[in-house]
Amino acid sequence: MVAECLCEICGQVTMRGIATIITYTVDRHIVQRRDIVVRYGRQAQKSLNLPDSICIFTAEDPGILDGDLRTACSLWGFSLVFAWVFTSLAVLAVGALGALRNPWQKEGDFQAIPGPPR
């Protein structure tokens, strides 16, 4: 019971910390530079020849509202964090499984240093 509560509290603190860092970073470094983001976004849309119906940045000013830009960048930030976490866990799992099983080791042959196939 106590371990479950402790894990839940640690998870909540970690998630809120990540959310705070992402929100602060987006507000500090992206939303304040909205004009630059809109300019580069419009250039990218123009070079890709996107139809107006799927363009993110409108031709009229302001191009994209602060709230919409903040939401999009925050979702992108969360996606990067979760992709990094899951990739790290996958690499750790593959590494742990690889350390447990050596493909070159024969049954009953216990070498201190794994070598090439015989």
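Summarised in this report is the structure supplied together with it. (Residues numbered from 1 in each chain as written. Predicted model: local features only at pLDDT ≥ 70, side-chain atom pairs only at ≥ 80, totals over all residues. Heavy atoms only, no water.)

### Some thoughts on the side chain of S74
Reasoning step 1: Summarising the element assignment, S74 is placed in helix α3 (residues 66–100).
Reasoning step 2: At 2.8 Å, the side chain of S74 and the backbone oxygen of R70 are in polar contact.
Reasoning step 3: Apart from residues no more than four positions distant in its own chain, S74 is found in contact with I22 and V26. (Helix = DSSP H or I, 4+ residues; strand = E, 2+ residues; numbered from the N terminus. Polar contact = N/O pair within 3.5 Å; in protein donor to acceptor, adjacent residues only side chain to side chain. Contact = heavy atoms within 4.5 Å.)

### Notes on a nonpolar patch on the surface
Reasoning step 1: Side chains of M15, F82, F86, L89 and L92 sit close together on the surface and give an oily, nonpolar patch of about 520 Å² of accessible area.
Reasoning step 2: The leading source of residues in the nonpolar patch is α3, at four residues.
Reasoning step 3: The residue F86 is located in helix α3 in this model. (Patch = residues over 30% accessible without salt bridge, like charges linked within 9 Å, V, L, I, M, F, W, Y side chains within 5 Å. Areas by Shrake-Rupley, 256 points an atom, 1.4 Å probe, with all protein chains shown as cover. Salt bridge = Lys/Arg side-chain N within 4 Å of Asp/Glu carboxyl O.)

### Considerations on the nonpolar core
Reasoning step 1: I22, V26, V31, V38, F57, I64, L69 and C73 together form the largest nonpolar core, which totals eight residues.
Reasoning step 2: Of all elements in the fold, only α1 (2–29) and α3 reach the threshold of two or more residues within this core.
Reasoning step 3: Ignoring sequence-local partners within four residues, the contact set of F57 consists of V37, V38, G41, R42, Q45, G63 and I64. (Core = buried A, V, L, I, M, F, W, Y, C linked by side-chain atoms within 4.5 Å. Buried < 20%, exposed > 50% of the residue type's maximum accessible area, 1.4 Å probe, protein only.)

### A closer look at the pattern of salt bridges
Reasoning step 1: For the structure shown, the criterion picks out three salt bridges.
Reasoning step 2: A salt bridge links D27 to R70; the nearest nitrogen and oxygen atoms lie 2.5 Å apart. Here D27, found in helix α1, pairs with R70, found in helix α3; they are 43 residues apart in sequence, far enough to count as distant.
Reasoning step 3: Between R34 and D66 there is a salt bridge, with the nearest N and O atoms lying 2.9 Å from each other. Note that R34 is positioned in helix α2 (residues 34–48) and D66 in helix α3, a separation of 32 residues in sequence.

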